[in-house]
Amino acid sequence: MGFYSHELMYEFHARDLGQTEALRRYADHAVKEIKSICGWDADVQINIEPEAKGKRIFSVSMIVFGLGEPIIVRKDGKQVLPVLRKVRKAVMRRIHRLTEKRVSHRKRALWNEQAAS
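Residues numbered from 1 in each chain as written. Predicted model: local features only at pLDDT ≥ 70, side-chain atom pairs only at ≥ 80, totals over all residues. Heavy atoms only, no water.

Here we look at the nonpolar core
Then, number 1: Counting residues in hydrophobic clusters, the biggest one holds 27 residues, and the most contacted among them are Phe12, Ile34, Val44, Ile46, Met62 and Val91.
Then, number 2: Elements that contribute at least two residues to this core include exactly β2 (10-14), α1 (21-38), β3 (43-52), β4 (57-65), β5 (71-77) and α2 (80-99).
Then, number 3: The element that contributes the greatest number of residues to this core is α2, accounting for eight residues.
Then, number 4: Those residues within four positions of isoleucine 46 in sequence are excluded, and the remaining contacts are Tyr10, Glu11, Phe12, His13, Ala27, Val31, Ser61, Met62 and Leu84. (Core = buried A, V, L, I, M, F, W, Y, C linked by side-chain atoms within 4.5 Å. Buried < 20%, exposed > 50% of the residue type's maximum accessible area, 1.4 Å probe, protein only. Helix = DSSP H or I, 4+ residues; strand = E, 2+ residues; numbered from the N terminus. Contact = heavy atoms within 4.5 Å.)

Section: a positive patch on the surface
Then, number 1: Together, Lys75, Lys86, Lys89, Arg93, Arg94 and Arg97 make up a positively charged patch on the protein surface.
Then, number 2: Per-element accounting of the positive patch gives the leading share, five residues, to α2.
Then, number 3: By the secondary structure assignment, lysine 75 is in strand β5. (Patch = residues over 30% accessible without salt bridge, like charges linked within 9 Å, V, L, I, M, F, W, Y side chains within 5 Å. Areas by Shrake-Rupley, 256 points an atom, 1.4 Å probe, with all protein chains shown as cover. Salt bridge = Lys/Arg side-chain N within 4 Å of Asp/Glu carboxyl O. Lys, Arg positive; Asp, Glu negative; His and termini not counted. Charge placed at Lys NZ, Arg CZ, Asp CG, Glu CD.)

A few points about the packing of aromatic side chains
Then, number 1: Evaluation of the coordinates by the stated rule reveals zero aromatic pairs.
Then, number 2: Seen from the ring of tyrosine 26, arginine 85 lies directly overhead, with NZ or CZ sitting 5.7 Å from the centre. (Phe/Tyr/Trp six-rings, centres within 6.5 Å; stacked < 30°, edge-to-face > 60°. Lys NZ or Arg CZ within 6 Å of the ring centre and 35° of its normal.)

Remarks on the packing of α1 against α2
Then, number 1: Remark: α1 packs on α2, axes separated minimally by 11 Å, with the N-to-C direction vectors making an angle of 0°. On the basis of the axis angle, α1 is roughly parallel to α2. When α1 is examined against α2, the residues Leu23, Tyr26, Ala30, Glu33, Ile34, Ile37 and Cys38 are found in contact with a partner set consisting of Val80, Leu81, Leu84, Arg85, Arg88, Val91, Met92, Ile95, His96 and Thr99.
Then, number 2: For the contact of α1 with α2, the residue count by class is 12 nonpolar, two polar and three charged. (Axes fitted to C-alpha atoms, helices over the stretch in contact; angles between N-to-C directions. Parallel < 35°, antiparallel > 145°, perpendicular 65-115°, else oblique. Nonpolar A, V, L, I, M, F, W, Y, C, P; charged D, E, K, R; others polar.)

Encoded structure:
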């Protein structure tokens with residue numbers, strides 16, 4: 001099942017899942033959070049696919065484009081919503097690492113130069 005939200009501009013694909021309303025709401029929340037940090041130009045894709053049909057293991061992946069380098073996170077698990085939460089958390093960690101300002105390193109360099117003179 002493919003879903004494209006026009007308000008948030010992201011792609012949501014859930015294959016072989018019956019009820020996806022709770023997943024869509026959580027995906028909307030995650031995309032709003034990502035776009036508020038990265039900017040509204042970022043493209044987000046969320047894919048949920050069954051890994052093995054007999055074992056009911058699902059693969060959840062989230063791809064974010066627009067920060068210079070793409071962020072791709074993929075995790076597997078039996079229950080989809082907790083795995084989607086883990087993927088969102090991993091994506092947010094990577095986004096914070098990429099957008100974090102490195103002020104502490106500059107302060108040390110300036111302090112060392114002042115102490116040397």
